[in-house]
Amino acid sequence: MAKNTQYHCQQCGSVTPKWVGRCEACSAWNSIVEEQISSRPSLAKSAKSGRKIEFSTLEQESSKQGLVRMLSGISEFDRVTGGGIVPGSVLLIGGDPGIGKSTLLLQLACKLSHNQTQTVYITGEESADQVRLRGQRLGLKDSQIGIATATNASDIAETIRRSPELELLIIDSIQTMYLPALDSSPGTVSQVRASAQELIQAAKANDTALIFVGHVTKDGAIAGPRVLEHMVDSVLHFEGDRSHHFRILRGIKNRFGATDEIGVFEMTAAGLQQISNPSELFLAERTHEVAGTAVFAGIEGSRPLLVEIEALVAPSSLASPRRNVVGWESSRLAMLTAVLEARCGLPLSGRDIFLNVAGGMKIQEPAADLAVAAALISSVTTRPLPSRSVFFGEVALSAEIRQVSQADQRLKESEKLGFERAYLPKPRKRTNVKLGLELSYAENFSELIDILGGIS
Ligand SMILES: Nc1ncnc2c1ncn2[C@@H]1O[C@H](COP(=O)(O)OP(=O)(O)OP(=O)(O)O)[C@@H](O)[C@H]1O
Ligand SMILES: [Mg+2]
Ligand SMILES: [Zn+2]
């Protein structure tokens, strides 16, 4: 077997002929690692003996007709996967160290095995005893799942091939797996890629669903090559703030369902508990109305979610004042402050701005603009916003407030949680939903500032 040395970027997977300090493809520093690649002679030989491909049609009966998804009964998980795990599909769950990936998957495995799904859990990071201990702590000890410690991907693939009854296999984590045929060490791009490929091939042939745990680098990407994300059917991120006990499972990619759903969990001593009404939890710490806080009526996937936004505008002693954002996009804040300052004369330049989404939640919707603006205005004027009110609406560069989708749903949830007033853009057509909320319409920021009592 001929061997040659290649240099692989551990961030993006690109290959260079010689070692360089900085990857030319993704500009990462110190990410190039030397890897020994054994060229397979069979590849060269088989190159000539191609075969004609047989085609089928879209109408032909699919082998997955009437496909039955594996439902775990953990509805927060099932919703994010698009209604359960599809047999034979491959799922990748990424997340920060210690966030609770192994806990989630062990609980999931036990739930599924209670539903008569043949499930095994293979760990390359912990001993079987450690997994058992965790299982005992979570109260899962009488479950029927198989546990093993293994890191050799060829062994695992062979196990899959010889266990036709196996329906779900969990690999914790893909970065610890290796193929002995490759010389590079576990965790390197070529090992991760090759092991994943080997396991996926075996699993697809056997219609076994696979779940990979993936480590996350410090900037939040799944460690190893991007290709790993292309090889799998679904990518989920398990995220949360270490200082909070909320954990959010977010769909990033899904070949069998929508990706905008989130699942909310709470980390407790007895494991992850699902939270079916997250708004209540996110607003639970809210005691009384303070200047600089506003409640945003958001939508995550198919579900309304109310969160509190806190802003603090303070005099700055720095030449370039601080803009500190947690849970929202800082570029969005820069745009909002520019609009508020230029169009409405809100004095923000030369001041530090701190913005925080309570509970460790990350908001991605532009509909939060209005709530953030209201929090900023309230902080500048040091007047609390009207009590028991919610805000939503997207802001244009002209300071106009734009419509956002699913307004009715946002309003209904706000009413359900005891809010009495909502600030929103004027809808184009009147809603026929009967609401007990008082609605205040603002067409632009200046109107909003007027409704809130002006700047002074
Ligand atoms: N006795 C306990 N009581 C409460 N919480 C606990 C307890 N033991 C562990 N935890 C929680 O579980 C978390 C670890 O969970 P888990 O091992 O599932 O994380 P992980 O994402 O798999 O981590 P890693 O990346 O190290 O594999 C801890 O950070 C802690 O929050
Ligand atoms: Mg773990
Ligand atoms: Zn790179």
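Fair warning: this is a prediction, and the values are worked out from it, not measured in the lab. (Residues numbered from 1 in each chain as written. Chains lettered and ligands numbered in written order. Predicted model: local features only at pLDDT ≥ 70, side-chain atom pairs only at ≥ 80, totals over all residues. Heavy atoms only, no water.)

## So, the confidence of the model for the chain
Where we set the bar: Scored between 0 and 100, pLDDT is the confidence that the predictor attaches to each residue. Counting from the N terminus, the helices are the DSSP runs of H or I reaching at least four residues and the strands are the DSSP runs of E reaching at least two.
For the chain, the average pLDDT comes to 87, and 93% of its residues sit at 70 or higher. Strand β7 (residues 168-172) holds the highest mean pLDDT among the elements of the chain, 95, whereas helix α1 (residues 41-46) holds the lowest, 50.

## Section: the site of ligand 1
To keep things clear, this is the line we draw: Consider each residue's heavy atoms; a residue with any of them within 4 Å of a molecule or strand counts as near. Polar contacts here mean pairs of N or O atoms no more than 3.5 Å apart (in protein, one a potential hydrogen donor and the other a potential acceptor; neighbouring residues in sequence count only if both atoms are side-chain atoms). Throughout, the Shrake-Rupley method with a 1.4 Å probe supplies accessible areas, and for residues the shown protein chains are the sole cover considered. In this classification, Asp, Glu, Lys and Arg are treated as charged, Ala, Val, Leu, Ile, Met, Phe, Trp, Tyr, Cys and Pro as nonpolar, and every other residue, Gly included, as polar.
What surrounds ligand 1 is a group of 14 residues, the closest being G98, K101, S102, T103 and R134. At 3.3 Å from an oxygen atom of ligand 1 is found a main-chain nitrogen or oxygen belonging to I99. When isolated, ligand 1 has an accessible area of 640 Å², and the protein chains bury 64% of it. Contributions of two or more residues to the shell around ligand 1 are made by α3 (101-114), α4 (128-137) and β11 (262-268). In terms of residue count, the dominant contributor to the shell around ligand 1 is α3 (three residues). Residue classes in the shell around ligand 1 are distributed as four nonpolar, five polar and five charged.

## Things to note about the pairing of strand β15 (residues 323-326)
Worth spelling out the cut-off: If DSSP finds at least two bridges between two strands, the strands pair. The handedness of a crossover follows from its direction of travel: if, with the strands pointing away from the viewer, the path from the first strand over the helix to the second runs clockwise, the crossover is right-handed.
As defined by bridge partners, β15 adjoins strand β16 (residues 351-357) across four bridges and the pair is classed as parallel. Bridge pairing in β16 places V325 opposite L355. Taking the sense of rotation as the criterion, the β-α-β connection linking β15, helix α9 (residues 330-344) and β16 turns out left-handed.

## Details of the packing of aromatic side chains
Our working definition: Working definition: rings of Phe, Tyr and Trp (its six-membered ring) pair if their centres are within 6.5 Å, and the pair is stacked with planes under 30 degrees apart, edge-to-face with planes over 60 apart, and tilted otherwise. Exposure classes here rest on a 1.4 Å probe applied to the protein chains alone. A residue is buried below 20% of its type maximum, exposed above 50%, and partly exposed in between. To sit over a ring, a charge needs its Lys NZ or Arg CZ within 6 Å of the ring centre and within 35 degrees of the ring normal.
Evaluated as defined, the whole model comprises two aromatic pairs. Between F238 and F265, the ring centres sit 6.1 Å apart and the planes meet at 75°, which makes this aromatic pair edge-to-face. Taken together, the residues span a long stretch of sequence, with F238 in strand β9 (residues 234-239) and F265 in strand β11 at a distance of 27 residues. For F238, a relative accessible area of 2% puts it in the buried group. On the basis of relative accessibility, which here comes to 2%, the residue F265 falls in the buried class. Residues F391 and Y423 carry aromatic rings whose centres are separated by 4.7 Å and whose planes lie at 10° to one another, so their mutual orientation is stacked. Residue F391 is located in strand β17 (residues 389-391), and its partner Y423 is located in strand β20 (residues 421-424); the two are separated by 32 residues in the primary sequence. Exposure class is identical for F391 and Y423. Each is buried. The side chain of R388 reaches across the aromatic face of F419, ending 5.3 Å from its centre. Over the face of the ring belonging to F392 we find R410, whose NZ or CZ atom lies 5.4 Å from the ring centre.

## Some points on the domain arrangement of the chain
Our working definition: For the domains described, the bounds stem from an automatic or database domain assignment. Contacts between residues were defined by any pair of non-hydrogen atoms, one from each residue, lying within 4.5 Å. Buried area adds together the accessible area that both of two parts lose upon being put together, with accessible area traced by a 1.4 Å probe. A side-chain nitrogen of Lys or Arg and a carboxyl oxygen of Asp or Glu constitute a salt bridge if their distance falls within 4 Å.
Assigned domains of the chain: these are domain 1 (3-40), domain 2 (75-276) and domain 3 (281-451). On a C-alpha basis, the centres of domain 2 and domain 3 stand 37 Å from each other. Taken together, the contact pairs 16 residues of domain 2 with 13 residues of domain 3. Summed over both sides, the interface between domain 2 and domain 3 buries roughly 1,200 Å², with carbon and sulfur atoms accounting for 54% of that surface. The largest per-residue losses of area from domain 2 upon contact with domain 3 belong to F246, R250 and I262, which jointly make up 39% of the total buried on that side. Between domain 2 and domain 3 we count two salt bridges in total. Two residues, E76 and R303, come together in a salt bridge whose shortest N-O distance is 3.2 Å. Seen at the junction of domain 2 and domain 3, the total is five residue pairs in polar contact (both at pLDDT 80 or more). Counting residues per element, the ones that place at least two in the side of domain 2 that touches domain 3 are α2 (75-80), β10 (246-254) and β11. Of the residues forming the side of domain 2 that touches domain 3, the biggest block, four residues, is contributed by β11.

## Examining the nonpolar core
Inside soluble globular proteins, nonpolar side chains tend to come together where they are buried. As a reminder, the rule being used: Among buried residues, those of type Ala, Val, Leu, Ile, Met, Phe, Trp, Tyr and Cys that are joined through side-chain atoms within 4.5 Å constitute a nonpolar core.
Core analysis: the largest hydrophobic core is formed by 63 residues, its most contacted members being F296, I309, W328, F445 and L448. For this core, the leading source of residues is helix α10 (residues 369-381), giving nine residues. Two domains share this core, each providing at least three of its residues, namely domain 2 (75-276) and domain 3 (281-451). Discounting chain neighbours no more than four positions away, the residues touching W328 are L333, L336, L355, V357, I363, E365, A368, D369 and V372. The next biggest cluster of nonpolar side chains, apart from the first, holds 30 residues, and it includes I85, C110, I145 and V213.

## Quick notes on the environment of R242
In this structure, R242 sits in the loop between β9 and β10. A relative accessible area of 55% places R242 in the exposed class. Excluding residues that lie within four positions of it along the chain, R242 makes contacts with D96, P97 and I99.

## Points about the environment of V404
Here V404 lies in the loop between β19 (401-402) and α11 (407-416). Measuring from C-alpha to C-alpha, the distance between V404 and F392 comes to 7.8 Å, with twelve residues separating the pair along the chain. Beyond its immediate chain neighbours, meaning those up to four positions away, V404 contacts A367, F392, G393, E394 and R410.

## So, the side chain of R303
Inspection of the secondary structure puts R303 in strand β14 (residues 303-315). On the basis of relative accessibility, which here comes to 14%, the residue R303 falls in the buried class. Looking at R303, its side chain comes within polar contact range of the side chain of E76, at 3.2 Å. In terms of polar contacts, R303 uses its side chain to reach the backbone carbonyl oxygen of I262, at 3.3 Å. Beyond its immediate stretch of four places on either side in the chain, R303 contacts E76, R79, I262, G263, V264, I275, S276, P278 and G298.

## A word on helix α5 (residues 153-161)
The line we're drawing: Each C-beta atom gives one direction from the helix axis, and the arc is the one those directions make.
Residues of α5 that are buried: A153, I156, A157 and I160. An end-on view of α5 places all buried positions within 100° of arc, on one side of the element. Next to the buried residues of α5 lie β5 (119-123), β7 and α6 (189-206). Looking at where α5 begins, the residue whose side-chain oxygen comes 2.9 Å from the main-chain nitrogen of S154 is N152.

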